[in-house]
Structure formats: structure tokens, C-alpha cells
Amino acid sequence: MKIKLFNVRGEEASLAEAWGQKNGIEVSLTDQPLTLDTIKEAEGFDGIANAQVGPLDDAIYPVLKEMGIKQIAQRSAGTDMYNMEVASANDIIITNVPSYSPESIAEFTVTIALNLIRKVELIRSNVANHNFSWTLPIRGRVLGDMTVAIIGTGRIGLATARIFKGFGCRVIGYDIYRSDAAKEIFEYVDSVEEAVKQTDVISLHMPPTADSHHLFNKDMFAIMKDDAILMNMARGAFFG
């Protein structure tokens, strides 16, 4: 088997080559993205492993079909950069990485929340300017006294909720698909609106779908608390 890897970062190269040797698979690496200009590099390969970061040109799919390539393995969780209908029409399977270190994202989420609540950047700026005054703008709040809403209660949302719960927060959760494993952590509510209107910190962990596109709009912001913190900790998305 021969696999072509596009968009390879420096630290990936040695790992990919070692994996290929261990499994008896020929791998060929390039740091270039998969485009109509570079697609010729996939000729003669059985599949593609990609790290696509923007929308893939629809014209690429039929070319891959002509080459006999059946699969693009995306080296990340997100797949919204691919046109699934066009891929399917050209008999190409798109796969992804379902989960990798949800704890890392969860810890980063809580880190950002603490930075905002504790006015860390303002304090650092004041200190850099030799301003050591103890004034109202730099005073933070106690995280454990806050109510947190987790919108999207999958692996990452659940890991995030556990950390917030450890600080003593009341944690509210909303998801179209409720998790039995999360019921001991979350107080599930029936709508996003019900979650955000009563919370101090809102953390988004939803996948990008047509249902979640523009979910937070003027009407949603209007029902939030005036001093609420909204953190979009999900990935960016591409919509036509």
C-alpha cells in the first residue's frame, strides 16, 4: 500500500515515516496543500492522508476518482472543509480522527476563563507600566461562585465540565444528544436559550453544522447576562 501525505508539518514527518516502516506501508510526504496544482503528486497512490485547513476545491474529487483513490484520511477531527456530497458522488470516503486529547482543550478552555475572570491581561499590562494600584477594573470574581453553561456535551465538553465542577461551579449542559455519562456532571436543560440566560460563563463545544451555524446571533446575545463571558472553544468552520 502507498499513501500520500499532504500538508505535513515538520514534527509529523518522522512519526509518519516510522509508522509506515512499522506497518509495511510506503508513505510519501509533502508540506504542500492538496490543490489542483499539487494533485498530480497523488498519482499512483492508494489513498491520501491530509491536514486540510480550508475548503477543498470540488474539482479535485473527480480527478482523484480517475486516479483510483478511494479515501482521504483527514488528520484532525473536523471534516467541514470537505464537500461530502461531491466526495460521495465520486466514491471517495472521508475519514477523520474522532478524538485526541480532549483534556488539553478542556484545560485550555478553563485557562482562558480564569484569565478573563481574573483580568490577567489587564494586570500584566498595568504591571508592565509600573501601575500597581488596586482599583476596581482589576478585581476579579470567584470562579466557584459562577454558573457555567457547556453547549455541546461530547468528549471535550464533558472534560471541560469536570474541571469547572472541580472549582465548585454549577454546570449546565445542553446538547441535542444527551450523554448518560455526563448526567452526574451536568444539569441538562432543554434549549440553548435556557442555558445561556442563567449563566456567567458560556463555553461552546459544538461541531459546525447547519443547525449550529449562526446559533449565537443578536437575539441570543440579548438574553445573556450583561457581564456573561462567551467562549467559542470549537473549531472554525467553512460554509458556502
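Just above sits the structure.
Residues numbered from 1 in each chain as written. Predicted model: local features only at pLDDT ≥ 70, side-chain atom pairs only at ≥ 80, totals over all residues. Heavy atoms only, no water.

Moving on, we get to the pairing of strand 1 (residues 2–5). Remember that side chains alternate between the two faces of the sheet whenever the strand is regular. As paired strands, strand 1 and strand 2 (residues 26–29) are joined by 4 bridges and run parallel to one another. Paired with Lys2 across the strands is Glu26, a residue of strand 2. Read from strand 1 through helix 1 (residues 10–23) to strand 2, the crossover connection turns out right-handed. In terms of strand pairing, strand 1 meets strand 3 (residues 47–50) through 3 bridges, oriented parallel. Each residue of the ladder has a partner; that of Lys4, found in strand 3, is Ile48. (Pairing = 2+ DSSP bridges. Helix = DSSP H or I, 4+ residues; strand = E, 2+ residues; numbered from the N terminus. Right-handed = clockwise from strand over helix to strand, strands pointing away.)

Strand pairs in the sheet, formed through backbone hydrogen bonds, run parallel or antiparallel to each other. Strand order in the open sheet formed by 5 strands is 2-1-3-4-5, with parallel pairing between adjacent strands. Of all the strands in the sheet, just strand 2 and strand 5 (93–95) have a single pairing partner and so form its edges. On average, each strand axis in the sheet is inclined to that of its neighbour by 20 degrees, with strand direction left out of account. Across 3 bridges, the pairing between strand 3 and strand 4 (residues 71–74) is parallel. Across the sheet, residue Ile48 finds its bridge partner in strand 4, namely Ile72. Helix 1 rests against strand 1 and strand 2 of the sheet, and its axis sits at about 165 degrees to strand 2. (Axes fitted to C-alpha atoms, helices over the stretch in contact; angles between N-to-C directions. Contact = heavy atoms within 4.5 Å.)

Turning next to the environment of Leu5. Residue placement: Leu5 occurs in strand 1. For Leu5 and Arg170, which are 165 residues apart along the polypeptide, the C-alpha to C-alpha distance reads 45 Å. Excluding anything up to four places from it in sequence, Leu5 contacts Ala16, Val27, Ser28, Leu29, Thr30, Ala49 and Arg75.

The end-to-end C-alpha distance of helix 4 (residues 102–117), which contains 16 residues, comes to 23 Å, matching closely the 22 Å that a straight helix rising 1.5 Å per residue would cover. For helix 4, the set of buried residues is Pro102, Ala106, Thr109, Val110, Ala113 and Ile117. Angular distribution of buried residues about the axis of helix 4 spans 90 degrees; they occupy a single face of the element. As for helix 4, its buried residues are in contact with helix 6 (155–166), strand 9 (201–204) and strand 10 (229–232). One or two steps after helix 4, the chain reaches Lys119, where phi turns positive at roughly 55 degrees. (Expected span 1.5 Å × (residues − 1). Buried < 20%, exposed > 50% of the residue type's maximum accessible area, 1.4 Å probe, protein only. Arc of directions from axis to C-beta.)

Turning our eyes to something else, we now look at the nonpolar core. Grouped together as the largest cluster of nonpolar side chains are 20 residues, with contacts concentrated most on Ile117, Ile150, Phe164, Val171, Phe186, Val201 and Met231. For this core, the secondary-structure elements that each account for two or more residues are helix 4, strand 6 (147–151), helix 6 and strand 10. Once residues lying within four places of it in the same chain are set aside, the contact partners of Phe186 are Ile150, Thr153, Gly157, Leu158, Ala161, Val171, Ile172 and Gly173. (Core = buried A, V, L, I, M, F, W, Y, C linked by side-chain atoms within 4.5 Å.)

Pairing in this open sheet of 5 strands is parallel, and the strands run 8-7-6-9-10 from one edge to the other. In this open sheet, the two edge strands, each paired with only one partner strand, are strand 8 (187–188) and strand 10. Sheet topology note: the strand 6/strand 7 (residues 170–174) ladder contains 5 bridges and is parallel. Paired with Ile151 across the two strands is Tyr174, which belongs to strand 7. Contacting strand 9 and strand 10, helix 4 crosses the sheet at an angle of about 150 degrees to strand 10. Helix 6 contacts strand 6, strand 7, strand 9 and strand 10 of the sheet and is inclined by roughly 175 degrees relative to strand 6.

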